[in-house]
There are 4 protein chains.
Amino acid sequence: MNNMKNFGIVGGDKRNLFLSKMLIEDGYSVKICGFENLNSYSDLNKIYDSLKNIMSDTEYIIFPVVPTSDYKTVNAPFSSSNILIDDKLINLLENKIIFCGKKEALYKSNENFKNLKIKDYSSREDFMIFNARPTAEGAIYIALKEYDKILFGSNCLVSGFGRIGKVLTKLLNTFGCNVSVSARKSSDLLWIETLGYTPIHTNNLNNIEKYDLIFNTVPYMIFDKTLLSTCKKETIIIDLASKPGGTDFEYASINKIKTIHALGLPGKNTPYTAAKIIKKSIYKIIEEENL
Amino acid sequence: MNNMKNFGIVGGDKRNLFLSKMLIEDGYSVKICGFENLNSYSDLNKIYDSLKNIMSDTEYIIFPVVPTSDYKTVNAPFSSSNILIDDKLINLLENKIIFCGKKEALYKSNENFKNLKIKDYSSREDFMIFNARPTAEGAIYIALKEYDKILFGSNCLVSGFGRIGKVLTKLLNTFGCNVSVSARKSSDLLWIETLGYTPIHTNNLNNIEKYDLIFNTVPYMIFDKTLLSTCKKETIIIDLASKPGGTDFEYASINKIKTIHALGLPGKNTPYTAAKIIKKSIYKIIEEENL
Amino acid sequence: MNNMKNFGIVGGDKRNLFLSKMLIEDGYSVKICGFENLNSYSDLNKIYDSLKNIMSDTEYIIFPVVPTSDYKTVNAPFSSSNILIDDKLINLLENKIIFCGKKEALYKSNENFKNLKIKDYSSREDFMIFNARPTAEGAIYIALKEYDKILFGSNCLVSGFGRIGKVLTKLLNTFGCNVSVSARKSSDLLWIETLGYTPIHTNNLNNIEKYDLIFNTVPYMIFDKTLLSTCKKETIIIDLASKPGGTDFEYASINKIKTIHALGLPGKNTPYTAAKIIKKSIYKIIEEENL
Amino acid sequence: MNNMKNFGIVGGDKRNLFLSKMLIEDGYSVKICGFENLNSYSDLNKIYDSLKNIMSDTEYIIFPVVPTSDYKTVNAPFSSSNILIDDKLINLLENKIIFCGKKEALYKSNENFKNLKIKDYSSREDFMIFNARPTAEGAIYIALKEYDKILFGSNCLVSGFGRIGKVLTKLLNTFGCNVSVSARKSSDLLWIETLGYTPIHTNNLNNIEKYDLIFNTVPYMIFDKTLLSTCKKETIIIDLASKPGGTDFEYASINKIKTIHALGLPGKNTPYTAAKIIKKSIYKIIEEENL
């Protein structure tokens, strides 16, 4: 990164806050807006600035991991004023290099974003692999929080053997749980067996009565009415798949099956680590694309 | 247990509630009081009874793990009326076999308890060893809750290598933490080294700057002003030792060092497992003493 | 397997011997030849038969995992007579279903094998994934045998993060070794890091001085003169890659670097498990192809 | 160690050889005898000397871990001449500080040894705890060598939960074995359960049919005729207890039960580590006793 550029951080949660600190520690010049309500981080006072100043002073703009939820304003939970996603903002962003996650949300807010230089780190392999660990630890956290017994010795089902499934399964195993894993790909099933877990073809998943804890990582309906009707009262279902998840939450709620739709765990549970992963991805993009 | 006796449960938290269910599942007749505010456990309605009835109908009386905190009433967080520890209660308890933890609290409340048949399970080896695991999982839960980074790769210090220290150290290790353990006994230090952790003689513990997470299990002052003054701002101290703990909490608070005095973790985090351990101890006492 | 067929086993080592026992236990009729020198397995006496009889009585013929080494006779280490790979054998094999590993060796011996129904299990994914574990245990066995120190705490390098690399790395890690892994694929390197090992891009592998034990799983030259010249005297290189391996064995020998080219570990170290994996693959082929 | 003294090493196996190298590396002056047949260690040529010279030039004399087996000569497997344990040797040893293991063997050879300054490291706690790991790894080595299947998934019994039992059990567990442990002490049985293994009171050990691998660490008869008569043909018994072990080897041999009496594993399998442990103990003795 020869031509040192300045970073402007616009909105976001604790992750963007930690990110700003890390960038400063790495020697970058950083300005931030959208965090006025955070008094506790008084040491950030000197880098607060207005959106306008940020846009004129910095070349790299960092939006939140989920840049917007209402498609009208930038997500800024620590701010009470709105950062509007309008043509004025688009104009300010011209010639900037914009880093964010889930760029589709920006496109949906305003088509003109497609003309800007947006670098979405959230679909990168490094971002996804590195997030598997914080997500798995977050899932363990929720299990420890919600379950009335010790994890040690419990019967767990992990649905899906992708990135999160792999790391979570290993973690549950070292915790002393008996772990079954459901998957569809034959190589996944062979690996599950080789690693010492009980493999189940997803198609054969028709009774979940024996499981104390169920972790879903698959982003489509797995735990439907039929399957949920076989589970025992004490079972806890922790669904890690992005909306709408893989569980019939309505049926579960009516039948008093405890479910937790645990989204965005890295950001909520381990914002520092989440920020570090974002930083690494941003640096990698800058390096790879010579920005 | 040939001469099947009936159990009466007087007060306590979720542990005694789970305990009542387990005893019923095992075929015992059980009556409980001190849980009126718990509507959610409607299936227990038929075993609720008055203290008076319980005393006349049951031979085994089970008090809470910590039977009293104010030395005047039995601990009963799910009740709004008071179960007084007075001579009337003492009279009712004559000829009963009383199971509880920390009997000293009862003695302190009323000397006459010393004349009753009190079986304190809390000082038994089985109770203490079995509680190491839920305590260790509870400590991990708190670490996951409070720490902004993933545990994986963090630098941890465990102070003390007794029951809890041993289990917690192993658990942190399987989580991928770098674990140092401080102890005094030379055989403990040799074992710590043999098991692959970094041993530190407690006397040589004079700088804790490198640790992200510190777990204290030693019930006397270890983390005093001098030692705390060497720790970095982000460090979290989780003190598992019973009151007053092993940390100068006041100094820590003034200097914004994050401390959590985590007491009674098995009861709070894993009440079902805690109840099961109590049940096993009670059964063992009945068997051993032919009650 | 509706139309129960009979198995004839022709040559091979302990694996085919265990295989014959397993098939019998599963209720199949089995005949074997090429094991005359094995007196210790007297219970197999009744299934020994002549090649001719086997060919007339059985429909499934099982050759060795490596069917031939001299391209003239079937590998039969427990026999002193030769089973020739000639046109006579080819004729006898017509209409048979032949199971074996490495069919290319048969093709090279006699082109006419290409006209026969050969089912090579050795290139199947299940066979390869299931063999990763016995290979990894075999590698640990060799390390324990050759190394003068305990594995615990040793510095290990695993070259390659394929099937064997993944299982071996995990096993070394649970043994308490410090494990570095070299690979080329960026997703492999990301996973190596995520799982807690030290990732090294193969291109950056230019000094191996710090490693006590090196395990190569990559089937092309990695440990060449230049790299070997950087290793210390005590280092042991265990090369698991099939011939010619990934090590300059000649250079190593001249320079007194201890190398072991460990081939066919599952067959040598754990013939029972190896046989079981073959059996599972054969059954799977029969099921999938409706043989 | 202010007044630097010189070390003389008299006999022993590879351990004493490695020990001599380590002492030299630590800056000590070392002379050795009883290794004439070892040509491979040519770099030791310059420290070879006669017994007589060693006795006149060095103050610390190091004998083997097992100083004698015939009670007439010092154990010196790498020598073809005899180092006699006679009064002449005793005379030479006066005023020396003698380090060795199992001093009883010396006392039995010649009563006058009792008048010499013998420092036996083999009964020290550090020596015994540190040797648990190499012994456990050695036991795994033998299991991998002798067993026809992978260890992963095997049913193992460990008899005894002392130092070696503890480390071996953990190692088998991380290998993916199902581990049962027999012991007598109630606290051991509670710990075995807490750590996730199956506890068996030694008195209840009356059928061993289900075990593939049995490891004995208890130095008295456990696996007697009655118990051995229940084991299956394939079972392998690895007895780690010092002579006469805890197995009826004669009965086992007659009944073709495979047994291995594995003695002195640290010295045989990991002589370097064994030497390092000896060195640490010797240094500790010198420090503690101000020698």
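Preceding this paragraph is the structure being described.
Predicted model only: the values in this text are computed from it and were never measured.

Calculation notes
Residues take numbers from 1 onward in each chain, read along the sequence in its written order. The lettering of chains begins at A and the numbering of ligands begins at 1, in the order of writing. Reporting of local features is limited, given that this is a predicted model, to residues whose pLDDT is at least 70; pairs of side-chain atoms are given and counted only at 80 or more, and all residues count toward the totals for whole chains, interfaces and linings. Side-chain metrics rest on all non-hydrogen atoms present in the structure, leaving aside hydrogens and water. Strand pairing requires that DSSP identify at least two bridges connecting the strands. The helix and strand labels rest on DSSP assignments: H or I over at least four residues marks a helix, E over at least two residues marks a strand, and numbering proceeds from the N terminus. A clockwise path from the first strand over the helix to the second, with the strands pointing away from the viewer, defines a right-handed crossover. Pairs of residues are marked as contacts when any of their non-hydrogen atoms sit within 4.5 Å. A residue counts toward the fit only if its pLDDT is at least 70 in both copies, and the copies are then superposed by least squares on the C-alpha atoms of those residues. Each residue is placed in one exposure class: buried if its accessible area under a 1.4 Å probe, protein chains only, is under 20% of its type's maximum, exposed if it is over 50%, and partly exposed if it falls in between. Salt bridge criterion: a side-chain nitrogen from Lys or Arg within 4 Å of a carboxyl oxygen from Asp or Glu. Counted as a polar contact is a pair of N or O atoms within 3.5 Å, where, for protein atoms, one must be capable of donating a hydrogen and the other of accepting one, and residues adjacent in sequence contribute only when both atoms are in side chains. Two parts lose some accessible area (1.4 Å probe) when they are put together, and adding that loss for both gives the buried area. Note that Gly is not counted as nonpolar here; it falls among the polar residues with everything else outside the nonpolar set of Ala, Val, Leu, Ile, Met, Phe, Trp, Tyr, Cys and Pro and the charged set of Asp, Glu, Lys and Arg.

A.B. asks: Tell me what's going on with the pairing of strand β2 (residues 30–33) of chain A, and back it up with residues and numbers.
C.D. replies: Residue and element names in this part refer to chain A. As paired strands, strand β1 (residues 7–10) and β2 are joined by four bridges and run parallel to one another. When the bridges of β2 are listed, Gly8 appears paired with Lys31. Of the crossover connections in this fold, the one passing from β1 over helix α1 (residues 14–25) to the parallel β2 is right-handed.

A.B. asks: A description of the environment of Ile282 of chain D should follow, citing residues and the corresponding values.
C.D. replies: All names here are of chain D. Mapped onto the elements, Ile282 comes out in helix α12 (residues 271–289). Between the C-alpha atoms of Ile282 and Lys268, which are 14 residues apart in sequence, the distance is 20 Å. Other than its neighbours up to four places away in sequence, Ile282 contacts Phe7, Leu19, Ile62, Phe99 and Tyr121.

A.B. asks: Which residues make up the relation of the copies chain A and chain C, and what values do they have?
C.D. replies: Between chain A and chain C, the superposition needs a rotation of 180 degrees and an axial shift of 0.0 Å, giving an RMSD of 0.1 Å. Here the two chains are linked by the operation of a two-fold rotation axis. A symmetric contact is evident, with 100% of the interface residues of chain A recurring at the interface of chain C.

A.B. asks: Break down the pairing of strand β1 (residues 7–10) of chain B for me, with residues and values.
C.D. replies: Residue and element names in this part refer to chain B. Alternating residues of β1 divide into Phe7 and Ile9 and Gly8 and Val10, and every residue in both groups is buried. Of the pairings in the sheet, the one linking β1 to strand β3 (residues 60–62) comprises three bridges and is parallel in character. Residue Ile9 lies in a different strand from β3, and its bridge partner there is Ile62.

A.B. asks: Break down the pattern of salt bridges for me, citing the residues and quoting the values.
C.D. replies: All names here are of chain A. For the structure shown, the criterion picks out 56 salt bridges over all chains. Between Asp49 and Lys31 there is a salt bridge; the shortest N-O distance is 3.0 Å. With Asp49 in the loop between β2 and α2 (51–57) and Lys31 in strand β2, this residue pair connects regions lying 18 residues apart in the sequence. A residue is classified by how much of its surface remains accessible, and Lys31, at 23% relative accessible area, is partly exposed. A salt bridge links Lys119 to Glu289; the shortest N-O distance between them is 2.7 Å. Of this pair, Lys119 sits in strand β5 (residues 117–120) while Glu289 sits in the segment after α12 (271–288), placing them 170 residues apart in sequence. The exposure class of Lys119 is buried, given its relative accessible area of 17%. Classification of Glu289 as partly exposed rests on a relative accessible area of 39%. Within the structure, one salt-bridge network assembled from shared partners comprises Lys31, Asp49 and Asp57.

A.B. asks: Break down the side chain of Asn16 of chain A for me, with residues and values.
C.D. replies: All names here are of chain A. Mapped onto the elements, Asn16 comes out in helix α1. Within the local environment of Asn16, its side chain forms a polar contact with the backbone oxygen of Gly11, the two atoms lying 2.8 Å apart. Among all residues touching Asn16, those that are not within four sequence positions of it are Ile9, Gly11, Phe35, Ile62, Phe63 and Pro64.

A.B. asks: Could you give an account of the interface of chain A and chain B, with specific residues and numbers?
C.D. replies: Taken together, the 23 residues of chain A in the interface contact 23 residues of chain B. Interface of chain A and chain B: buried area, both sides summed, is about 2100 Å²; carbon and sulfur atoms make up 61% of it. Put simply, chain A and chain B have zero salt bridges between them. Sorting the residues of the side of chain A that touches chain B by element identifies α1, α6 (132–146), α7 (163–174) and α12 of chain A as the ones contributing at least two each. Ranked by the residues each element gives to the side of chain A that touches chain B, the list is headed by α6 of chain A, at seven residues. Residue classes in the side of chain A that touches chain B are distributed as 13 nonpolar, four polar and six charged.

Function-wise, these values are silent; they only describe arrangement.
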